[in-house]
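These are the residues of each chain, in order.
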Amino acid sequence: MQIAATPLSEPISSSTSGRRRKPLWREQYVLVVAGAALGALLGALFPNFAVELKPLGDVFISLIKMTIAPLIFLVVVTGIAQVGDMKAVGRIGLKAFAYFEVVTTICLMISFVVVRWVQPGAGVAHATAQQAETIARYQQAHVGSLSAYIQHMVPESFVGAFAAGDVLQVLVLALLCGIGLLLLGDKAGPLRTGLERVTELVFSVVHVVVALAPIGAFGAMAFTVAKFGAATLYALALLVGTAWAMMAFFIFVILGTICRLVGIRLMDLLRLLRTELLVVLGTSSSETAIPGMMEKLPKAGVGRAVAGLVIPSGYSFNLDGVALTLPLSTIFVAQVYGVELSAAQQLSLFVVMLFTSKGAAGVTGGAFAALAATVVAAGLPAEGLALLLGIDRFMSLARAITNTIGNAVAAIVVAKWDGEFNREDWAQSAAQIQQAK
């Protein structure tokens, strides 16, 4: 996957191989959490002043939204192009993508059920006449019927989709362009290389934007607490706790069951990748585990062809952690603003998430960009994203761990399905790990 080779990922990788770590107070996640905490304190103590800081959060949200269309277009196009000749890898590729979509669907369904049951955003918003008008405007802006939604997905012009910032139409263009690159074959080489360089540029822009997150989190949290009260903090804590509990359930119950079905133990896999998982936990980036998985899984019995295809493509198309948190966070925003989504709207939102949950790993803030794309596509107030800035680090940790374990399980399942899994090598690897304990 091309994302893993972008400049943004180099500092993460190099930091684990001897580069001096920054002081804790200079770490991005510490600054964001500190900014959110100071904003919450200011909002509670000086609400009249804190309300005036709303533009800080608004500007940051506008910068994030600015990058959404090009980011999604380039990630999807280059991701499809990286798969290569579909005829050459068709058998493994089809099985991998079938597994990806099944598991993604399971993740989305779990999250939809949990967020409707727990309702972490309920009771936060205090509706006013002005807010009621805002809610009504967002509800009217959303495409109501499924047929109208499908028709709306097709843009009237190539440039128009980007100018309007319509995420769904950009996704359609990206899928068509990605397929077109595959059909061009070798002739598309220079174009593919150019798109990869532009992708690196957009990632760099996102990196610069995310560097402003502490300021955005400060202004957004100050305004939010001043506007909605301290109940917001309880709701955010409930959201984080729900996300962690949900992802722990997915790892140990869903993925554990899948491992049992293919004849292995999940704990053996976790022990095999314990070093990689610790690095992921320390960096909050699931891509840091790619080299270790590409080396260890083939030695443990996964066919090299399967590992070479499933693991890189999985980091674009099998992001279980992102799929679990997208409905949770999106419906949270709807609950905060009192927006009731109909059954048809939730179904269309489910379809949107099947796309926006792809390609979000590999760059700091990528999952937040995917969430922003989903919120915008759902017709929900984009201002609600400000609520999630301060807690994104805690959500990111759980997402990264879940993405990493999910892709490792995917490689094993596809290898077993395709007859490319050596059980003797796996047993020997598990025994060596046990002896090393």
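As named in an unreviewed UniProt entry, the protein chain is Cation:dicarboxylase symporter family transporter, taken from Bradyrhizobium cytisi. Listed in UniProt under the heading Sequence similarities (unreviewed entry), the comment for the protein chain reads: "Belongs to the dicarboxylate/amino acid:cation symporter (DAACS) (TC 2.A.23) family."

Novice: I'm lost on the overall build of the protein chain in this one. Help?
Specialist: The helix and strand tally for the protein chain stands at 22 helices and zero strands. Taken over 437 residues, the protein chain has a buried fraction of 56%. The contacts in the protein chain between residues at least 6 apart in sequence include a share of 84% that link residues at least 24 apart. Here the protein chain has roughly 19,000 Å² of accessible surface; of this, 65% comes from carbon and sulfur atoms.

Novice: Help me understand the packing of aromatic side chains in this model?
Specialist: To describe a pair of aromatic rings, one takes the distance between the centres and the angle between the planes. The tally for this structure, following the rule as stated, stands at five aromatic pairs. Here Phe73 and Phe158 contribute two aromatic rings whose centre-to-centre distance is 6.2 Å and whose plane-to-plane angle is 80 degrees, an arrangement assigned as edge-to-face. Here Phe73, found in helix α4 (residues 54-83), pairs with Phe158, found in helix α8 (residues 158-164); they are 85 residues apart in sequence, far enough to count as distant. A relative accessible area of 43% places Phe158 in the partly exposed class.

Novice: Could you clarify how one ought to interpret the UniProt feature "transmembrane region" (unreviewed entry) in the protein chain in this entry?
Specialist: This chain's UniProt record puts "transmembrane region" (unreviewed entry) on residues 29-47, 59-84, 96-118, 158-184, 205-226, 232-262 and 367-389. The distance from the first to the last C-alpha atom of residues 96-118 is 33 Å, and the span holds 100% helix and 0% strand. Between the first and last C-alpha atoms of residues 205-226 the distance is 31 Å; the span itself is 95% helix and 0% strand.

Novice: Sorry, what's going on with the pattern of salt bridges here?
Specialist: Inspection of the entire model under this criterion finds four salt bridges. Glu200 is the partner of Arg197 in a salt bridge, and the nearest nitrogen-oxygen pair spans 2.8 Å. Taken as a pair, Arg197 and Glu200 lie in helix α10 (residues 189-211) at a separation of three residues, close to a single helical turn. Within this structure, Arg265, Asp268 and Arg271 form a network of salt bridges that share partners.

Novice: How do you make sense of the environment of Ala245 when you look at a structure like this?
Specialist: With respect to the helices, strands and loops of the structure, Ala245 is situated in helix α12 (residues 231-261). On the accessibility criterion, Ala245 (48% relative accessible area) is partly exposed. For the pair formed by Ala245 and Ala398, sequence separation is 153 residues and the distance between their alpha carbons is 9.6 Å.

Novice: Mind showing me how you'd approach the environment of Ala408 here?
Specialist: By secondary structure assignment, the location of Ala408 is in helix α21 (residues 392-417). Ala408 gets classed as buried once you look at its relative accessible area, which sits at 0%. Residues Ala408 and Leu273 lie 135 residues apart in sequence; the distance between their C-alpha atoms is 8.9 Å.

Novice: What am I meant to see in the side chain of Thr325 here?
Specialist: Residue position: Thr325 is located in helix α17 (residues 320-336). From its side chain, Thr325 meets the backbone oxygen of Gly321 in a polar contact 3.1 Å long. With near-sequence residues (within four places) excluded, Thr325 lies in contact with Met247, Met395 and Arg399.

Novice: When you look at the confidence of the model for the protein chain in this model, what are you seeing that I'm missing?
Specialist: Low pLDDT marks stretches whose predicted atomic positions should not be read closely. Averaged over all residues, the pLDDT of the protein chain is 74; the fraction at 70 or higher stands at 72%. Predicted confidence is poor over residues 1-19, with pLDDT under 50, and the contacts of this stretch with residues over four places away or in other chains come to 38 contacts. A low-confidence stretch, residues 126-146 (pLDDT under 50), is modelled with 28 contacts involving residues beyond four sequence positions or located in other chains.

Rules and cut-offs
- Residues numbered from 1 in each chain as written.
- Predicted model: local features only at pLDDT ≥ 70, side-chain atom pairs only at ≥ 80, totals over all residues.
- Heavy atoms only, no water.
- UniProt positions renumbered as here; feature names shortened; annotations may be inferred.
- Helix = DSSP H or I, 4+ residues; strand = E, 2+ residues; numbered from the N terminus.
- Buried < 20%, exposed > 50% of the residue type's maximum accessible area, 1.4 Å probe, protein only.
- Contact = heavy atoms within 4.5 Å.
- Areas by Shrake-Rupley, 256 points an atom, 1.4 Å probe, with all protein chains shown as cover.
- Phe/Tyr/Trp six-rings, centres within 6.5 Å; stacked < 30°, edge-to-face > 60°.
- Salt bridge = Lys/Arg side-chain N within 4 Å of Asp/Glu carboxyl O.
- Polar contact = N/O pair within 3.5 Å; in protein donor to acceptor, adjacent residues only side chain to side chain.
- pLDDT = per-residue confidence, 0-100.

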